[in-house]
Each structure stands twice: as C-alpha cells, then as structure tokens.
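Residues per chain, in single letters:
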Amino acid sequence: MLEPKLKSVQCISPSGLHQMAYKEWGDQDNPNVLICVHGVTRVSDDFDNMARALAGDYRVVAPDVVGRGRSGRLRNPELYRLPQYVADMVTLVARVTARGPRSTVDWFGTSMGGLIGMGLASLPDSPISKLVLNDIGPVLDPEALQRIGDYIGQHLRFPTFDLGAKFVRDVSLPFGPHTEAEWHKLAADVLRQDNDGQWVRHYDMGLAQPFRSATPESARADEAMLWAAYDAIRCPTLLVRGAQSDLLSPATALSMTQRGPKATLVEIPDVGHAPTFLHDDQIAIAKKFLLDQ
C-alpha cells in the first residue's frame with residue numbers, strides 16, 4: 001500500500017515560531033501539487049484514501065493545521081483564526097513548490113480548510129489554480145457554529161479507546177453512512193492517549209477561544225469579509241454540499257454559483273456536514289474536476 005512521507009515546515013505567528021506537520025504522497029518531483037486541508041477538529045489523515053487515489057497524478061500534500069494533530073500549538077490561542085492559517089499555508093506553498101518549475105497548486109478544503117482556501121485564493125497573485133470547497137461558504141449558520149464551538153471546547157477524557165470512538169462517531173453522524181472500519185479510522189485519527197493512559201482529542205483546547213469571543217457584530221463583519229474574499233476568487237471553483245448540511249444552506253450554495261468564481265455545485269445525498277471523501281464515488285467528483293483540462 002502506498003504510504004506518505006511525514007514532514008514539517010517552520011511557520012511564524014505574532015507569538016513566535018511553530019511547526020506545521022504535513023503528509024506528502026506521490027513523487028516528490030511532480031510539479032503538479034494538490035494541497036488538502038481538513039476541518040476544524042480533524043487532521044491530515046482524513047485524506048489518506050483520496051491521496052492514494054490521486055498520487056499518480058499529483059504530489060498530494062495534507063497538513064495538520066496548527067493546533068491540531070502532529071503540528072505545534074500557538075502560545076496565544078486568540079491567534080487560532082483564518083489570517084494565521086492563511087499565512088501558514090503561504091509558507092507551506094513556498095516549501096512544496098520550491099523545487100519545481102510551477103509555483104501554483106490546486107486546493108481541496110473541507111469546512112475550515114475551504115475557508116483557508118478561499119482566503120488564499122482571493123489574494124492578488126494567488127498560487128491556487130483550482131479550488132474545491134467541501135461544504136463551506138461565506139455564510140455560516142449560527143446554530144451550527146454554536147454546535148461546533150460547544151464541541152470544540154469540551155475537555156473530555158475517556159478511559160478506553162472504545163468510549164472515545166463512540167463519542168467521535170456520535171458527533172460525526174452527519175458525515176453519513178460509513179463502515180465499522182471507517183468509523184474506527186475516523187476516531188483513531190483524532191484520539192491520543194495522554195500520560196495517564198486516558199484517551200483525549202488531538203487538538204489544543206485553546207481552539208475554542210475565538211468561538212467564545214465571537215459577538216453578533218464580529219460574526220457580521222466576518223461574513224462580509226468572507227463574501228468579499230469569495231467575490232475576489234478568479235480560479236475555477238467546485239462547491240460540494242452535503243444535501244443535509246446544517247452549515248452550508250441551499251440558498252448560500254446557490255448564491256455561490258451566481259457570483260464570484262460562479263462555482264460549479266455538486267450535492268451529495270444522505271450526507272450532512274461534511275462529506276468525508278473516503279469513498280470512491282465522492283473521490284471521483286473531486287478527481288473529475290481537478291484533472292479535467
């Protein structure tokens with residue numbers, strides 16, 4: 001079975017330096033690079049199946065966004081916001097394109113990873129050639145955000161892996177139908193044993209801080225900023241929506257097909273937030289868009 005290389009790159013924030021870990025699949029000399037970025041409480045391992053499917057066409061790079069998984073933590077949790085994440089990705093893009101003749105990449109972003117992609121794609125001289133947004137847009141449902149914020153901030157410890165895995169599965173049911181083996185992997189990727197032998201989630205609990213400090217006024221300002229970013233995108237864009245998503249509404253998805261890059265919309269039935277792209281039929285959606293000339 002094709003296995004990735006585990007690498008890292010040093011990034012900087014106003015509070016100092018930190019490491020961002022990433023997995024790299026395929027030929028390291030392949031100039032065609034696809035960067036895959038996960039959701040707010042997930043990790044790079046989410047893309048293992050898709051990376052194996054695309055590694056013959058791309059060098060696939062999947063980072064653990066700072067504060068998650070194998071990556072470092074920020075000293076100031078208020079910095080766990082999009083500007084920092086976009087800055088880190090600029091550093092990653094510079095690293096993975098340094099040896100090749102191309103300085104552009106394609107991007108697949110799930111939820112938060114899609115927002116980071118929107119931010120980077122909106123900038124003048126952006127390195128993103130093609131953009132896939134997986135169940136995310138400029139308008140975020142407040143109740144769904146509250147649900148995510150509450151989930152992030154729960155400091156939970158489980159005496160056994162099975163109890164931790166049950167929790168992960170219960171909160172991830174909107175992902176849609178998966179096999180027992182797939183649910184096991186989805187849990188194993190985000191659970192770690194601490195020094196006391198308890199099973200805990202893989203991320204810095206400080207991630208919840210920006211959610212807690214949000215206000216109605218800041219939420220409106222964030223939405224205006226995200227729409228401005230989306231309207232500035234010029235690259236071909238695919239928008240994937242879970243048909244039962246509570247984070248990306250049908251109305252927002254429709255608006256995204258009519259403005260900015262006028263994204264192509266594909267809906268996946270029987271799935272909420274967000275499609276996992278573990279399955280061949282979902283991977284085929286991304287593959288067709290990314291590889292069609």
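Just above, that's the structure.
These lines cover the structure that appears in this document, whether it is placed above or below. (Residues numbered from 1 in each chain as written. Predicted model: local features only at pLDDT ≥ 70, side-chain atom pairs only at ≥ 80, totals over all residues. Heavy atoms only, no water.)

Bringing the side chain of glutamine 282 into the picture now. Relative to the assigned elements, glutamine 282 resides in helix 10 (residues 280-291). Glutamine 282 sits in the buried class, given a relative accessible area of 5%. (Helix = DSSP H or I, 4+ residues; strand = E, 2+ residues; numbered from the N terminus. Buried < 20%, exposed > 50% of the residue type's maximum accessible area, 1.4 Å probe, protein only.)

Going through the model one piece at a time under the given rule, you end up with five aromatic pairs. Ring centres of phenylalanine 161 and tryptophan 199 lie 5.3 Å apart, and the angle between their planes is 75 degrees; this geometry places the pair in the edge-to-face category. Residue phenylalanine 161 is located in helix 5 (residues 161-171), and its partner tryptophan 199 is located in strand 8 (residues 199-201); the two are separated by 38 residues in the primary sequence. For tryptophan 199, a relative accessible area of 19% translates into the label buried. When the ring of tryptophan 227 is compared with that of tyrosine 230, the centres are 5.9 Å apart and the planes differ by 80 degrees; the resulting orientation is edge-to-face. In this pair, tryptophan 227 and tyrosine 230 both sit in helix 8 (residues 216-232), three residues apart, roughly one turn of the helix. Exposure remark for tyrosine 230: the relative accessible area of 0% places this residue in the buried category. Linked through ring pairs, Phe47, Phe108 and Phe277 together constitute an aromatic cluster. Cation over ring: lysine 130 sits above phenylalanine 289, and NZ or CZ is 5.5 Å from the ring centre. We note arginine 259 situated over the ring of tryptophan 227; from NZ or CZ to the ring centre the distance is 4.0 Å. (Phe/Tyr/Trp six-rings, centres within 6.5 Å; stacked < 30°, edge-to-face > 60°. Lys NZ or Arg CZ within 6 Å of the ring centre and 35° of its normal.)

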